[in-house]
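These are the residues of each chain, in order.
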Amino acid sequence: MTNSRRQEHTADTRAALLSAARRLFADQGYAGTGTEEIVARARVTRGALYHHFRDKADLFAAVMRTVAGELAEHLIQQQLARPGGRPAGPLDELRSGLQAYLDACLDGDFQRIVLVDGPAVLGPAAWNELIDQHGLHLLRDWLRQAIADGQIAPLPVDVLARLLAALIAEAGLYIAHESDPAVARDKAGVALDHILRGLGHTPE
């Protein structure tokens, strides 16, 4: 087997494991899914699984990163493709983007894998890593532009971004763990939007 074919086979095996694990983790949860089910659905050997991942938790972490990354990309593309163009300014873009994120918290894959099982299985460090990777830089960009445009007061951007990220993260966790996620989403959306609109009131 040539190097290129070997690399292609390796990539295909990893992709099959990620796809199979994602479906099972979303449907059955982390605790309810065994590695034997994953390799059977992926049609690979247990040796192949442990060649690519240290253990089930390592595979779950890779699935979680994939799901979170897909959502981040989807939200960016959704904002760019808004009917009638972009919102009036960066603060409105931020408000719109966060409402779209809260909608995504009702999605089965994202809710179960990232919001419910993710923090429980991998701990807060993995959750914070996702926020740092996919959320903080976007928040900083929006806030810097909103300050430059005079839409919000000139507050310290890094601190404000982290505080907003914490609020957004807690909103997602709240939605995922409530008995009626749809009602929780509406409540979280109202609260978050009220906070963001408050940023638009520049002090005298």
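Residues numbered from 1 in each chain as written. Predicted model: local features only at pLDDT ≥ 70, side-chain atom pairs only at ≥ 80, totals over all residues. Heavy atoms only, no water.

1. A word on the packing of helix 7 (residues 124-148) against helix 8 (residues 157-177)
Two elements in contact, helix 7 and helix 8, have axes whose closest approach is 8 Å; the angle formed by their N-to-C orientations is 125°. Taken together, the axis directions place helix 7 and helix 8 in an arrangement best described as oblique. Every pair of crossing elements has a handedness; the one defined by helix 7 and helix 8 is right-handed. Residues Trp 127, Ile 131, Asp 132, Leu 136, Leu 139, Arg 140, Leu 143, Arg 144 and Ile 147 of helix 7 form the contact with helix 8, whose own contacting residues are Val 157, Asp 158, Leu 160, Ala 161, Arg 162, Leu 164, Ala 165, Ile 168, Ala 169 and Leu 173. Tallied by class, residues from the contact of helix 7 with helix 8 come to 14 nonpolar, no polar and five charged. (Axes fitted to C-alpha atoms, helices over the stretch in contact; angles between N-to-C directions. Helix = DSSP H or I, 4+ residues; strand = E, 2+ residues; numbered from the N terminus. Parallel < 35°, antiparallel > 145°, perpendicular 65-115°, else oblique. Left-handed = near helix turned anticlockwise from the far one by under 90°. Contact = heavy atoms within 4.5 Å. Nonpolar A, V, L, I, M, F, W, Y, C, P; charged D, E, K, R; others polar.)

2. A short note on the pattern of salt bridges
A complete count under the given rule lists 13 salt bridges for this structure. Across the pair Asp 27 and Arg 23 runs a salt bridge, and its minimum N-O distance is 3.3 Å. In this pair, Asp 27 and Arg 23 are both assigned in helix 1 (residues 3-28), four residues apart and thus about one turn of the helix distant. Arg 23 is the salt-bridge partner of Asp 109, the closest N and O atoms lying 3.0 Å from each other. Here the residue Asp 109 occupies a position in helix 6 (residues 108-122), and Arg 23 occupies one in helix 1, the gap between them amounting to 86 residues. Several salt bridges converge on common partners, so that one network encompasses Arg 22, Arg 23, Asp 27, Glu 70 and Asp 109. (Salt bridge = Lys/Arg side-chain N within 4 Å of Asp/Glu carboxyl O.)

3. Topic: the packing of aromatic side chains
Tallied over the entire structure, the rule returns four aromatic pairs. Seen in terms of ring centroids, Tyr 30 and Phe 60 are 5.2 Å apart; in terms of plane orientation they differ by 75°. Their pairing is edge-to-face. Here Tyr 30 is found in the loop between helix 1 and helix 2 (35-42), whereas its partner Phe 60 is found in helix 4 (residues 56-80), with 30 residues between them in sequence. Like Tyr 30, the residue Phe 60 is buried in the burial classification. Aromatic ring contacts, followed pair by pair, group Phe 25, Tyr 30 and Phe 60 into a single cluster. (Phe/Tyr/Trp six-rings, centres within 6.5 Å; stacked < 30°, edge-to-face > 60°. Buried < 20%, exposed > 50% of the residue type's maximum accessible area, 1.4 Å probe, protein only.)

4. Quick word on unusual backbone geometry
Residues other than glycine predominantly adopt negative phi, and peptide bonds predominantly adopt the trans conformation. A positive phi angle, close to 60°, is found at Arg 43, a residue other than glycine. Secondary-structure assignment places Arg 43 in the loop between helix 2 and helix 3 (46-52). The class of Arg 43 is exposed, set by a relative accessible area of 78%.

5. Looking at the environment of Ile 147
By secondary structure assignment, the location of Ile 147 is in helix 7. In the structure, Ile 147 is positioned 56 residues away from Leu 91 in sequence and 9.1 Å away in space, judged by C-alpha atoms.

6. Comments concerning the side chain of Thr 13
By the secondary structure assignment, Thr 13 is in helix 1. If sequence neighbours within four positions are ignored, Thr 13 has contacts with Val 44, Ala 48 and His 52.

7. Notes on the side chain of Glu 93
Topologically, Glu 93 is positioned in helix 5 (residues 90-104). A distance of 3.0 Å separates a polar atom in the side chain of Glu 93 from a polar atom in the side chain of Trp 142. (Polar contact = N/O pair within 3.5 Å; in protein donor to acceptor, adjacent residues only side chain to side chain.)

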